[in-house]
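# Structural description and commentary
The lines below spell out each chain.
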Amino acid sequence: QVPLVESGGGLVQPGGSLRLSCEAFGSIFSINAMGWYRQAPGKQRELVATISGRTTNYADSVKGRFTISTHDRRNMVYLQMNELKPEDTAVYFCNVDATTTDRRRNDYWGQGTQVTVSS
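In this report, we go over the structure that sits alongside the text. (Residues numbered from 1 in each chain as written. Predicted model: local features only at pLDDT ≥ 70, side-chain atom pairs only at ≥ 80, totals over all residues. Heavy atoms only, no water.)

Let us look at the overall build of the chain. From N to C terminus, the chain includes 0 helices and 11 strands. In the chain, the succession of α and β elements from N to C terminus is β-β-β-β-β-β-β-β-β-β-β. In terms of overall dimensions, the chain is globule-like: its C-alpha atoms have a radius of gyration of 14 Å, near the 14 Å expected for 119 residues. By its C-alpha atoms, the chain is 50 × 25 × 20 Å across when sized along the principal axes. Of the contacts formed within the chain by residues at least 6 apart in sequence, a portion of 55% connects residues at least 24 apart. About 6,700 Å² of surface is accessible on the chain, with carbon and sulfur atoms providing 44% of the total. Side chains of the chain carry 13 positive and 11 negative charges; the gap between the two charge centres is 3 Å. (Helix = DSSP H or I, 4+ residues; strand = E, 2+ residues; numbered from the N terminus. Rg over C-alpha atoms; globule rule 2.2 N^0.38 Å. Contact = heavy atoms within 4.5 Å. Areas by Shrake-Rupley, 256 points an atom, 1.4 Å probe, with all protein chains shown as cover. Lys, Arg positive; Asp, Glu negative; His and termini not counted. Charge placed at Lys NZ, Arg CZ, Asp CG, Glu CD.)

Below you can see the structure in the form of C-alpha cells.
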C-alpha cells in the first residue's frame, strides 16, 4: 500500500492562490507518474494536471494558471494554483502511479482536500 497525505486546501477569494501538497509513503520502488484530479458537486472527477519525469499535462481550463511539480528527493507532488476562479471549487485528489517493492504497479489516491473559491 502507498498511503498519500494531502494538505493545502482551503477557502480563497477569486484571483487568489493556493498550493496543494501530497506526499506518498510506503514500500515504493518507483513512481511512474503523479497527478491531481478534482471533483465538483454533481460532476465527475476530472484530470487537473499530471507529471511523469519532466513531462507535464494540464487540463485546458487550468493551463497558464496552475503548475504541477515534484520534490527532488521526496515522493511529493505539488499543485500551485494561481488566479483561482469560482469554477475551480472542488475536492482535489492526489493520484500516484507507483510500483511497490513487490514489483506491483497500481494507482493510489489521496483522501481529497477541499478548495473553495468564493468572495
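If you look at the biggest cluster of nonpolar residues, it comprises 31 residues, and the most contacted ones within it are Trp36, Leu79, Met81 and Tyr92. Secondary-structure elements contributing two or more residues to this core are β3 (18-24), β4 (28-39), β5 (46-52), β7 (66-70), β8 (76-81), β9 (90-100) and β11 (113-117). Ranked by residue count, the leading element in this core is β9, at 5 residues. If we skip the residues at most four places from it in the chain, Met81 touches Gly16, Ser17, Leu18, Leu20, Arg65, Phe66, Tyr92 and Val115. (Core = buried A, V, L, I, M, F, W, Y, C linked by side-chain atoms within 4.5 Å. Buried < 20%, exposed > 50% of the residue type's maximum accessible area, 1.4 Å probe, protein only.)

The tally for this structure, following the rule as stated, stands at 1 disulfide. Residue pairing for Cys22: its cysteine sulfur links by disulfide to Cys94, the two sulfurs lying 2.1 Å apart. The chirality of the disulfide connecting Cys22 with Cys94 is left-handed, given an S-S dihedral of about -80°. Here Cys94 lies in strand β9 and Cys22 lies in strand β3, a separation of 72 residues in the sequence. For the residue pair Cys22 and Cys94, the accessibility class agrees, reading buried in each case. (Disulfide = S-S within 2.5 Å.)

One can find Leu11 in strand β2 (residues 10-12). The spatial distance from the C-alpha of Leu11 to the C-alpha of Arg105 is 35 Å, given a sequence separation of 94 residues. Beyond its immediate stretch of four places on either side in the chain, Leu11 contacts Thr116 and Ser118.

Here Glu83, not a glycine, exhibits a phi torsion of approximately 50°, which is positive. Relative to the assigned elements, Glu83 resides in the loop between β8 and β9. The partly exposed category is assigned to Glu83, whose relative accessible area is 49%.

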